[in-house]
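So you can see what is in the structure, the chains are spelled out below.
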Amino acid sequence: MAFGIFKKFNLGLKKTRESMSGAIDEAISENEDITDQLYDDLEEILIMGDVGMNTSAEICEKLRDYVSKHHLKKSSQVKGAIKEIVSEMLEGGEDMGLITMPSIILVIGVNGVGKTTTIGKMAAMYKAQGKKVILGAADTFRAAAIDQLEEWANRAGVEIVKHHEGADPAAVVYDTIQAGIARDADIIICDTAGRLHNKKNLMDELAKIDRVLSRELPDADRETLLVLDSTTGQNAVMQAAEFKNSADITGLVLTKLDGTAKGGAIFSIKGTLGIPVKFIGVGEGVDDLQPFDADMFVSALLD
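Notes on the structure follow. Since the structure is predicted, the reported quantities are computational estimates derived from the model, not experimental observations.

Each helix and strand counted, the chain has 12 helices and eight strands in total. Per-residue burial over the chain gives 52% buried out of 303 residues. Of all intrachain contacts in the chain linking residues separated by at least 6 positions in sequence, the fraction that spans at least 24 positions is 77%. As displayed, the chain has an accessible area near 13,400 Å², and 50% of this comes from carbon and sulfur atoms.

Moving on, we come to the environment of Q178. As for its position among the elements, Q178 is in helix α8 (residues 169-182). Sequence separation between Q178 and E216 is 38 residues, and the spatial gap between their C-alpha atoms is 8.4 Å.

One pass over the full model with this rule turns up two aromatic pairs. Geometrically, the ring pair formed by F292 and F297 is tilted, given 5.4 Å between the ring centres and 55° between the ring planes. Exposure class is identical for F292 and F297. Each is buried. One aromatic cluster is present, formed by F267, F292 and F297 through successive ring pairs.

Let us look at helix α6 (residues 115-128). Its 14 residues place the ends of α6 20 Å apart at the C-alpha level, agreeing with the 20 Å of an ideal helix rising 1.5 Å per residue. Among the 14 residues that make up α6, 11 are buried, leaving the element largely enclosed by the rest of the structure. Every buried residue belonging to α6 is among K115, T116, T118, I119, G120, K121, M122, A123, A124, M125 and Y126, and all of these are buried. Immediately downstream of α6, the backbone of G130 shows phi near 90°, a positive value.

Quick look at unusual backbone geometry now. Here the residue pair M101 and P102 is connected by a cis peptide bond, since its omega of 0° sits within 30 degrees of zero. With a phi close to 55°, D184 is a non-glycine residue in the positive phi region. You can see D184 is positioned in the loop between α8 and β4 (187-191). Using a relative accessible area of 52% as the deciding quantity, one classes D184 as exposed.

With that settled, consider the pattern of salt bridges. Applying the stated criterion to the full structure yields 14 salt bridges. In this structure, the salt-bridge partner of D25 is K79, at a minimum N-O distance of 2.8 Å. Here K79 lies in helix α5 (residues 78-90) and D25 lies in helix α2 (residues 14-30), a separation of 54 residues in the sequence. Relative accessible area serves as the criterion here: at 39%, D25 is assigned to the partly exposed category. The class of K79 is buried, set by a relative accessible area of 13%.

Structurally, the position occupied by S87 is in helix α5. Separated by 209 residues in the primary sequence, S87 and M296 have C-alpha atoms spaced 8.9 Å apart. Ignoring anything within four residues of it in the chain, the contact list for S87 reads A294, D295 and V298.

Among the nonpolar cores identified, the biggest contains 81 residues, and I105, Y126, I189 and F297 are the most heavily contacted of them. Considering every element that reaches this core, the biggest residue donor is α5, with seven residues. Counting 18 residues, the second-largest nonpolar core is a separate cluster that includes V161, V172, C190 and I209.

This part takes up helix α11 (residues 265-273). Among the nine residues in α11, seven count as buried, and that is most of the element. Of the residues making up α11, those classed as buried are A265, I266, F267, S268, I269, K270 and L273. Directly after α11, the chain includes G274, whose backbone phi takes a positive value near 70°.

With that settled, consider the packing of α5 against helix α12 (residues 294-302). Running from amino to carboxyl end, α5 crosses α12 at an angle of 145°, the nearest separation of the two axes being 9 Å. Where α5 crosses over α12, the two elements pack in a sense that is right-handed. Where α5 approaches α12, its residues K79, I82, K83, V86, S87 and L90 are matched on the opposing element by A294, D295, F297, V298, S299 and L302. Residue classes in the contact of α5 with α12 are distributed as seven nonpolar, two polar and three charged.

On the surface, E84, E88, E91, D293 and D295 cluster together into a patch of negative charge. Along the chain, E91 turns up in the loop between α5 and β1 (103-108).

Another aspect to go through is the pairing of β1. Most of β1 sits inside the fold, with six of its six residues counted as buried. Burial along β1 is two-sided: the residues S103, I105 and V107 and I104, L106 and I108 are all buried. Inspection of the sheet shows β1 paired to β4 by five bridges, in the parallel sense. Opposite I105, over in β4, you have I189 as the bridge partner. With five bridges connecting them, β1 and strand β5 (residues 222-229) associate as parallel partners. Counted as the bridge partner of L106 is T224 from β5.

About the thresholds
Residues numbered from 1 in each chain as written. Predicted model: local features only at pLDDT ≥ 70, side-chain atom pairs only at ≥ 80, totals over all residues. Heavy atoms only, no water. Helix = DSSP H or I, 4+ residues; strand = E, 2+ residues; numbered from the N terminus. Buried < 20%, exposed > 50% of the residue type's maximum accessible area, 1.4 Å probe, protein only. Contact = heavy atoms within 4.5 Å. Areas by Shrake-Rupley, 256 points an atom, 1.4 Å probe, with all protein chains shown as cover. Phe/Tyr/Trp six-rings, centres within 6.5 Å; stacked < 30°, edge-to-face > 60°. Expected span 1.5 Å × (residues − 1). Salt bridge = Lys/Arg side-chain N within 4 Å of Asp/Glu carboxyl O. Core = buried A, V, L, I, M, F, W, Y, C linked by side-chain atoms within 4.5 Å. Axes fitted to C-alpha atoms, helices over the stretch in contact; angles between N-to-C directions. Left-handed = near helix turned anticlockwise from the far one by under 90°. Nonpolar A, V, L, I, M, F, W, Y, C, P; charged D, E, K, R; others polar. Patch = residues over 30% accessible without salt bridge, like charges linked within 9 Å, V, L, I, M, F, W, Y side chains within 5 Å. Lys, Arg positive; Asp, Glu negative; His and termini not counted. Charge placed at Lys NZ, Arg CZ, Asp CG, Glu CD. Pairing = 2+ DSSP bridges.

Shown next, in the form of structure tokens:
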């Protein structure tokens, strides 16, 4: 099972690995000893891999400390050290921890990042685990979003609660909760805000949903996941920062990693914002949404 998951990580990160890992290997081969030039080369490679300037500098600073502490001399020892450092940076908070029945997952993100597809894949994953899942179409800004979620609900074989386009998102969440309680659902997943055009509107909408959840299911485990498109690189970092100002985000979902060489942005997002990654999308298939594993991710990225 673990090998099958690693294979998905490995294939999904192919473009980023070819870009970043190949360049690191080349820098190591050109510098037999660990020199300032090697550190400069590695920092440049990380920046070019969309890790971000500040996070790249932080990784190289930690690498200097590691080299000094472990008395490393040869550049061939550096890659293992980098793997250890970045794994440690990414670890922590990746478990969903949904124990209560029902538990709630709110999903936010701008249109086009793969938000609705992510919810559909998540529903199929939990359904395959034997859990009863119900979806709430609370991104009511676009009729297409409601229709797309219904299509995914049918594909995953789960129930959906929906209203008309333009309906009050909090009302949809309320009805989804009532349906979830009545039907003994294990997990309620609500598709929420799909826009960031007006931060006050977004904050008001999410605050209203929060009041409904706190009133109707005060003791339920809850996750608020932000979906980001990995192909946008550092723009995804800025988007995450914007949403963090408006919502209490507990985790990230990074989609389309298989289609980009900018997978390094994950380090910048975690390092800058401190938000854990919960899932990554490594392909188009319904089972290509994978729970995040830092060690497996780094191995697939740098080996």
